Amino acid sequence: MEQPSRIEYLKRGALMGGAVGVCLGFAFGTYHILRFGPSQGGYLSTLSRYMISSAGSFALFMGIGSFIRSEPSKNMMLKQYLEQHRSHGFANLPVEVLERKRWDRKF
Amino acid sequence: MSRYGDYTRDPCPWVILNDTGGAFAMGAIGSGIWHFVKGAKNSPKGERIIGAITAVKARAPVLGGNFAVWGGLFSTFDCTLKGIRQKEDPWNLIASGFLTGGVLAARGGIGASARSAAFGAFALALIEGISIAASKFFAPSPMIQMPDLQPPPNVSA
């Protein structure tokens with residue numbers, strides 16, 4: 001199974017950050033307007049400025065976050081290895097045991 | 001971004017270190033881009049590059065450190081809640097966002113702490129909701145994509 005490229009991760013993260021930022025900007029812009037009143041330019045302008053700036057910053061940071069954290073980790077490589085060598089397993093443990101998280105291991 | 005049900009992450013105590021470093025890098029790089037542009041814009045003409053570099057040097061590590069504190073504390077609370085509840089679901093993340101926001105604003109008094117905690121929980125709930133929706137939207141469940149059943153070979157011939 002091929003990993004998507006880093007640019008793909010960046011795009012996906014920025015898209016999700018933009019969505020989150022729009023929602024957060026809407027919520028907090030509304031709160032700010034209700035609490036302090038609109039700044040000059042009226043309600044809609046204040047709200048839209050809030051939403052746009054929040055969406056932009058969230059998209060920037062979440063895009064970079066998913067860009068730099070997108071390398072395949074060791075567990076992923078181990079999983080791929082196990083999938084290729086399914087008959088052997090690893091240390092005589094079945095694959096399901098190895099893929100479990102540490103909490104779930106009762107032994 | 002969603003951390004739950006992700007099998008490629010480290011096991012729990014170590015994921016705190018991983019998250020702290022990742023959050024520092026994310027904050028430092030993002031803030032570096034942001035303050036490079038801002039510093040170049042706010043410098044007089046002819047000194048734009050040096051002004052931008054000075055702004056980045058002064059401000060990018062600060063935001064990186066803030067991100068690292070947030071991410072590390074968040075991951076610590078997440079692991080703690082996972083250990084206590086023995087469960088992994090989005091409520092862990094929302095509760096740890098709440099606790100992180102509350103603890104980091106604790107010096108401002110109970111009001112500021114409650115406001116920051118509500119902000120953290122709300123933001124995490126939003127991120128989780130959107131990432132669950134996005135994962136449903138982008139990758140439909142693999143159960144649907146059943147392979148076509150081949151008819152059995154004709155053995156009577």
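The structure presented is a predicted model; accordingly, all values stated were derived computationally and were not measured. (Residues numbered from 1 in each chain as written. Chains lettered and ligands numbered in written order. Predicted model: local features only at pLDDT ≥ 70, side-chain atom pairs only at ≥ 80, totals over all residues. Heavy atoms only, no water.)

Quick notes on the overall build of chain B
Looking only at helices and strands, chain B features 4 helices and 0 strands. Going residue by residue from the N terminus, the α and β elements of chain B occur as α-α-α-α. The buried share of chain B, reckoned over its 157 residues, is 34%. The long-range share in chain B, meaning contacts at least 24 apart out of those at least 6 apart in sequence, stands at 57%. Surface accessibility of chain B: about 9900 Å² in total, with carbon and sulfur atoms responsible for 70%. (Helix = DSSP H or I, 4+ residues; strand = E, 2+ residues; numbered from the N terminus. Buried < 20%, exposed > 50% of the residue type's maximum accessible area, 1.4 Å probe, protein only. Contact = heavy atoms within 4.5 Å. Areas by Shrake-Rupley, 256 points an atom, 1.4 Å probe, with all protein chains shown as cover.)

Description of the pattern of salt bridges
Across all of its chains, the model carries 1 salt bridge over all chains by this definition. Asp89 of chain B serves as the salt-bridge partner of Arg85 of chain B, at 3.0 Å between the closest nitrogen and oxygen. (Salt bridge = Lys/Arg side-chain N within 4 Å of Asp/Glu carboxyl O.)

Section: the confidence of the model for chain B
All names here are of chain B. Of all residues in chain B, 82% attain a pLDDT of 70 or more, and the chain-wide mean is 83. Put simply, helix H4 (residues 110-138) is where chain B has its lowest mean pLDDT, 86, and helix H2 (residues 48-85) is where it has its highest, 91. Scored as a complex, the prediction yields pTM 0.72 and ipTM 0.73. (pLDDT = per-residue confidence, 0-100.)

Observations concerning unusual backbone geometry
One non-glycine residue, Gln86 of chain B, lies in the positive phi region at around 55°. Here Gln86 of chain B shows up in the loop between H2 and helix H3 (90-104).

Topic: the packing of H2 of chain B against H3 of chain B
Residue and element names in this part refer to chain B. Where H2 contacts H3, the two axes come as close as 8 Å, and the packing angle between them is 130°. Considering their axes alone, H2 and H3 lie oblique with respect to each other. Relative to H3, H2 is oriented so that their crossing is right-handed. Residues Val69, Trp70, Leu73, Phe74, Phe77, Asp78, Leu81, Lys82 and Arg85 of H2 form the contact with H3, whose participating residues are Trp91, Asn92, Leu93, Ala95, Ser96, Gly97, Leu99, Thr100, Gly101, Val103 and Leu104. (Axes fitted to C-alpha atoms, helices over the stretch in contact; angles between N-to-C directions. Parallel < 35°, antiparallel > 145°, perpendicular 65-115°, else oblique. Left-handed = near helix turned anticlockwise from the far one by under 90°.)

Side note on the UniProt feature "transmembrane region" (unreviewed entry) in chain A
Residues and elements named next belong to chain A. Here the UniProt-annotated "transmembrane region" (unreviewed entry) positions come out as residues 12-34 and 50-68. Across residues 12-34, helical content stands at 100% and strand content at 0%; the span's end C-alpha atoms are separated by 33 Å. Helix makes up 100% of residues 50-68 and strand 0%, with an end-to-end C-alpha separation of 27 Å. (UniProt positions renumbered as here; feature names shortened; annotations may be inferred.)

Digging into helix H1 (residues 6-36) of chain A
It helps to recall that an α-helix has 3.6 residues per turn; residues three or four apart then point in one direction. For H1 of chain A, which comprises 31 residues, the first-to-last C-alpha distance of 42 Å matches the rise-based estimate of 45 Å (1.5 Å per residue) to within 8%. Gly37 of chain A occupies a position one or two residues after H1 of chain A and carries a positive phi of about 85°. (Expected span 1.5 Å × (residues − 1).)

Focus on the environment of Ala23 of chain B
All names here are of chain B. Looking at the element boundaries, Ala23 is found in helix H1 (residues 12-42). It is 5.7 Å that separates the C-alpha atoms of Ala23 and Gly71, two residues lying 48 residues apart in sequence. Among all residues touching Ala23, those that are not within four sequence positions of it are Gly64, Phe67, Ala68 and Gly71.

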